[in-house]
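These are the residues of each chain, in order.
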Amino acid sequence: MTTTVSPIRRLDQAVVNRIAAGEIIQRPANALKELIENSLDAGSTQIQILVKEGGLKLLQIQDNGHGIRKEDMGIVCERFTTSKLKKFEDLSQIATYGFRGEALASISHIAHVTITTKTKDAQCAFRGSYSDGKLVPPRPGVSADPKPCAGNDGTQITAEDLFYNVPTRRKAFKSTSDEYNRILDVVSRYAVHNSSVSFTCRKQGASTADIQTSSTSNITDTIRQIHGSSVASELLHIEKEFSSLEFKMKASFSNANYHVKKTTFLLFINHRLVESSNIKRSIENVYTSLLPKGSYPFVYLSLEINPRNVDVNVHPTKREVHFLNEEKIIDSIASTLQEQLEGANFSRTFYTQTILPGASQIEESPNSSKKVPVYNLVRTDSRTTTLDTFVRRPDDDNGEDDVVREERPIRSQSMKPRVDVQMTSIINLRNAVKKSEHPGITKVFRDHTFVGCADDALALIQHERGLYLVNYSVISEELFYQIVLHEFCNFGKLQLTTPVSLLECIKIALDVEEQQGTLPEQLQPKDTIAQTITDVIVARADMLEDHFSMVVSKDGLLLALPMLLKGYIPTMDKLPLFLLRLGTEVDWENEEGCFDSLGRELAIFYCAEPPVEPVNNTNDDPMDESVLQQQQQRYKQEHERYLWQVQHLIFPALKSQFIAPRSVAKEDAGYVTRLARLTDLYKIFERC
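What you see as residue numbers is a count from 1 along each chain, following the sequence as written. In view of the model being predicted, local features appear only for residues whose pLDDT reaches at least 70, and side-chain atom pairs are presented and counted only at 80 or more, with totals across whole chains, interfaces and linings using the full set of residues. Side-chain measures here rest on the full set of heavy atoms in the structure, leaving out hydrogens and waters.

Peer 1: An account of the overall build of the protein is needed here, citing residue identities and associated values.
Peer 2: The helix and strand tally for the protein stands at 19 helices and 23 strands. Exposure classes here rest on a 1.4 Å probe applied to the protein chains alone. A residue is buried below 20% of its type maximum, exposed above 50%, and partly exposed in between. Within the protein, the fraction of its 688 residues that count as buried is 44%. Only heavy atoms matter for contacts: two residues are in contact if any of them lie within 4.5 Å across the pair. A separation of at least 24 residues holds for 71% of the contacts in the protein among residues at least 6 apart in sequence. Accessible surface, the protein: about 37700 Å² in total, of which carbon and sulfur atoms supply 49%. Secondary structure elements are taken from DSSP: a helix is a run of H or I of four residues or more, a strand is a run of E of two residues or more, and numbering for both begins at the N terminus. Here the Shrake-Rupley method, with its probe set to 1.4 Å, supplies the accessible areas, and only the displayed protein chains count as covering residues.

Peer 1: Before we move on, could you go through the pattern of salt bridges and cite the residues and values that matter?
Peer 2: One side-chain nitrogen of Lys or Arg within 4 Å of one carboxyl oxygen of Asp or Glu is enough to make a salt bridge. Inspection of every chain in the model, using the stated rule, returns 23 salt bridges. The shortest N-O distance in the salt bridge between Glu179 and Arg27 comes to 2.8 Å. Taken together, the residues Glu179 in helix α5 (residues 176–193) and Arg27 in the loop between α1 (13–24) and α2 (28–41) connect sequence positions 152 residues apart. Glu179 gets classed as buried once you look at its relative accessible area, which sits at 1%. Using a relative accessible area of 23% as the deciding quantity, one classes Arg27 as partly exposed. In this structure, the salt-bridge partner of Arg446 is Asp447, at a minimum N-O distance of 4.0 Å. A relative accessible area of 41% means that Arg446 is categorised as partly exposed. A network of salt bridges, in which partner residues are shared, links Lys443, Arg446 and Asp447.

Peer 1: Explain the packing of aromatic side chains residue by residue, including any values.
Peer 2: For Phe, Tyr and Trp, where Trp contributes only its six-membered ring, two rings pair if their centres lie within 6.5 Å, and the inter-plane angle classes them as stacked under 30 degrees, edge-to-face over 60, or tilted in between. Taken as a whole, this structure holds 16 aromatic pairs when the rule is applied. Note on Phe605 and Tyr606: the rings are 5.2 Å apart at their centroids and 75° apart in plane angle, and the pair reads as edge-to-face. Taken individually, Phe605 and Tyr606 each receive the classification buried, so the pair is uniform in this respect. Chaining the aromatic ring pairs together yields one cluster made of Phe480, Tyr568, Phe578, Phe605 and Tyr606. Geometrically, a lysine NZ or arginine CZ counts as sitting over a ring once it is within 6 Å of the ring centre and also within 35 degrees of the ring normal. Taking NZ or CZ as reference, Arg600 lies 3.5 Å from the ring centre of Tyr481, over its face.

Peer 1: Tell me what's going on with the environment of Leu324, and back it up with residues and numbers.
Peer 2: Along the chain, Leu324 falls in the loop between β16 (322–323) and α9 (326–342). Separated by 15 residues in sequence, Leu324 and Asn309 place their C-alpha atoms 5.4 Å apart. Those residues in contact with Leu324, other than ones at most four positions away along the chain, are Asn309 and Ile329.

Peer 1: Describe the pairing of strand β8 (residues 198–203), listing the residues and the values that go with them.
Peer 2: Two strands qualify as a pair provided that DSSP identifies no fewer than 2 bridges between them. Sheet topology places strand β1 (residues 46–52) next to β8; six bridges connect them, and they run parallel. Its bridge partner lying in β8, Ile47 is registered against Phe199. As defined by bridge partners, β8 adjoins strand β9 (residues 211–212) across two bridges and the pair is classed as antiparallel. Of the residues in β9, the one forming a bridge with Cys201 is Ile211.

Peer 1: Provide a residue-level description of the sheet that holds strand β14 (residues 298–305), including the pertinent values.
Peer 2: Spatial ordering of the open sheet is given by β10-β11-β14-β12-β13, a layout of five strands whose pairing is mixed. Where the open sheet ends on each side, the last strands, each with one partner, are β10 (235–242) and β13 (272–273). Note: strand β12 (residues 264–269) against β14, six bridges, orientation parallel. Residue pairing for β14: Thr264 is matched across the bridge by Phe298. Lying on the sheet, α5 is in contact with β12, β13 and β14; it crosses β12 at an angle near 60°. Only the stretch in contact is used when a helix axis is fitted, and all axes are lines through C-alpha atoms; the angle between N-to-C directions ranges over 0 to 180 degrees.

Peer 1: Tell me about the side chain of Asn306, and name the residues and values.
Peer 2: With respect to the secondary-structure elements, Asn306 resides in the loop between β14 and β15 (310–311). According to the relative accessible area criterion, Asn306 is buried, its value standing at 15%. For the purposes of these results, a polar contact is taken to be a pair of N or O atoms within 3.5 Å, where, inside protein, one atom must be able to donate a hydrogen and its partner to accept one; residues adjacent in sequence count only when each atom of the pair is a side-chain atom. Within the local environment of Asn306, its side chain forms a polar contact with the side chain of Glu246, the two groups lying 3.1 Å apart.

Peer 1: So what's going on with the packing of helix α8 (residues 277–288) against α9? Which residues, and what values?
Peer 2: Remark: α8 packs on α9, axes separated minimally by 10 Å, with the N-to-C direction vectors making an angle of 30°. For the element pair α8 / α9, the angle class is roughly parallel. When the axes of α8 and α9 are compared, the crossing they make is right-handed. Counting all contacts with α8, which are made through Asn278, Ile279, Ser282, Ile283, Val286 and Tyr287, the residues of α9 involved are Glu326, Ile330, Ala334, Leu337, Gln338 and Leu341. Under the convention adopted here, Pro, Cys and the residues Ala, Val, Leu, Ile, Met, Phe, Trp and Tyr are nonpolar, Asp, Glu, Lys and Arg are charged, and Gly plus all remaining residues are polar. Its residues assigned to classes, the contact of α8 with α9 shows eight nonpolar, three polar and one charged. We call two directions roughly parallel when the angle between them is under 35 degrees, roughly antiparallel when it is over 145, roughly perpendicular when it lies between 65 and 115, and oblique otherwise. Crossing handedness: left-handed means the near helix sits turned counterclockwise from the far one by under a right angle, and right-handed means the same turn made clockwise.

Peer 1: I'd like a rundown of the environment of Lys328, residues and numbers included.
Peer 2: Of note, Lys328 is situated in helix α9. Assessed through its relative accessible area of 53%, Lys328 is described here as exposed. Lys328 sits 83 residues away from Leu245 along the chain, and the two C-alpha atoms are 7.9 Å apart.

Peer 1: Got a sec to walk through the packing of helix α10 (residues 424–435) against helix α12 (residues 472–486)? Specific residues and values, please.
Peer 2: Relative to each other, α10 and α12 sit at 145°, their axes nearing to 10 Å. Between α10 and α12 lies a crossing of left-handed hand. Residue-level contacts link Ile426, Leu429, Arg430 and Val433 of α10 to Tyr481, Gln482, Leu485 and His486 of α12. Here the contact of α10 with α12 is built from residues that sort into five nonpolar, two polar and one charged.

Peer 1: Lay out helix α6 (residues 219–227) with the relevant residues and their values.
Peer 2: Turning to α6, its buried residues are Ile219, Thr220, Asp221, Thr222 and Ile223. The inward-facing, buried residues of α6 abut α5, α7 (229–232), β10, β11 (247–254), β14 and α10. Two or three places before Thr220, at the opening of α6, Asn218 has a side-chain oxygen 3.2 Å from that residue's backbone nitrogen.

Peer 1: Can you break down the sheet that holds strand β22 (residues 557–563) residue by residue, with the values?
Peer 2: Taken together, three strands build an open sheet; the order of strands is β20-β22-β21 and the sheet is antiparallel. The open sheet terminates on both sides in strands that have one partner only, identified here as β20 (492–501) and β21 (551–552). Pairing geometry for β20 and β22, over six bridges, is antiparallel. Among the inter-strand pairings, Val500 is bridged to a residue of β22, identified as Leu558.

Peer 1: Give me the lowdown on the pairing of β11, citing residues and values where you can.
Peer 2: Looking along a regular strand, one sees the side chains alternate between the two faces of the sheet. Counted residue by residue, β11 has six buried out of eight residues, so it is predominantly covered. Summarising the sheet, β10 and β11 pair through eight bridges and their orientation is antiparallel. Each residue of the ladder has a partner; that of Leu236, found in β11, is Phe253. Linking two consecutive strands that pair antiparallel, namely β10 and β11, is a turn of four residues; a positive phi of about 55° is found at Glu246 within it. Bridging between β11 and β14 involves seven bridges; their strand directions are antiparallel. Across the sheet, Ala251 pairs through a bridge with Leu301, a residue of β14.

This is the structure we're talking about:
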């Protein structure tokens, strides 16, 4: 039996290109990684990513980089066309992400690619469609040449129907959600490493982005936004240069307080996202003696190695690189992390178990430390709750009508999903609050024990061994401002029993201002001012309802207010002035300024201020005695409710969600004053 030897044939170029594309672009996340690196090479400071069906149906990236010249659009998707290399020797000093010129070419062989680009000096943008590395007509009968169109500076690349001509590869993807998670992982890694670049990634049709970072953030802020506050608050940072090995490292890594079930390891070598099992294993060994068994750290590591010592061309997807002195460099990294972690033991947190009542005390060993002196004992527990917390509120049995009363106007609202706000303006305002924090005063409020109200604006609290006098009227204003930022777009509603006319309410505020002599001279008529402010508020009714749950009808009636704290109702005597200040104090033109000033005005309205006590000031025509008694009775009930809200709503909120700004810690302000300390009191008692 004779066997026929098959002849060796030269593969068709289309088959060669498709095979090469399958090696470089293994899944949508690989394609996005190549496109992100191209955008970064182009000097982009803003990168927006749009995804449909895990990137298989649509993968679009838009940047504000320097763009592509029209003259280059004919060859931009051909293999081995690049602006980074001229000769092979340049590869030894490569400092950019891309260098082979295969990314766009590979994508164009397995997807329908459209490129829209504009350079800064171009009159307009140009759009071209590509298939198999060549320009193709966007539709039959049309020229394949790039067409002029409208567009911003930078480049937008759209890849549709990824792997449409590789059905076996396309069927291998089991879940589009899994592919989308891989895309988010790639974007989050580059966002952390390039904190000066704004990244946005969302699904097509989604109203909010799954990842959105700001170009003004630092690495810690970006890690907090993507990976959460639990890891960001436990980070250590190190930058170190090793001249003998010709490399320097920059790392942000978790201390011994933070640990998870799987290592989060972000590795960049010469700003290129890579993987290294050797480096990862070495770092995990460092943490072995610090973390519980089965627990792992968070590590972001950026290495800058002399390009002459790095071989970047060892993997089709550039996922791995080789470099000289690998063992020595890894040992240096591990030693540096070990040194930093050992020096950070002062921040280690340990949790202890409280002995249950009736349990026998554990005998102390002879070597145990001495007993704590009685004057240093902390005799209160901020976690305890008093019985009156569970008693009905003072106004639970009050059936009187009012413009807004808690039991009448508040109607149960259907539960709606929480909105994850990624607006840059809100994130900037939240970051500003965090940056202004006074950690010491924040800790006082977080772990305080409420003692009692001294009057309608001051209260006593205890923190550990100190007794403090707090101006809760001022503190609550800052609290409500932070609640507005934290709960933005997620407020409940305080429905009003009787709608309130904005126009009439603003007129009342103007009359009061006029009586007090605070209105400026040469002012327009009060009716004109009231109508103008009413029109401003009504024109922005949709925004107020969407973002602040403040409902205003088209005919100028206030129907609902935001619920900032569950069960809390502000002093409604301030409503007219609040509506007046919406027209005079809010910056309606600038987004961040609008949210900031509107949040401040809501905080002023909601902050703790007692109701106005009724006074009979008319001597000629005395107020009817029974009417005066009714008003005084109502004032008494409202005042009781006011003090109850201060103790059971405002101060508990200060424990859970308040960041004390440095402004409240100033001694001359007198907002938080320490009156006494247990140690000093014992000294006085000893003298007696």
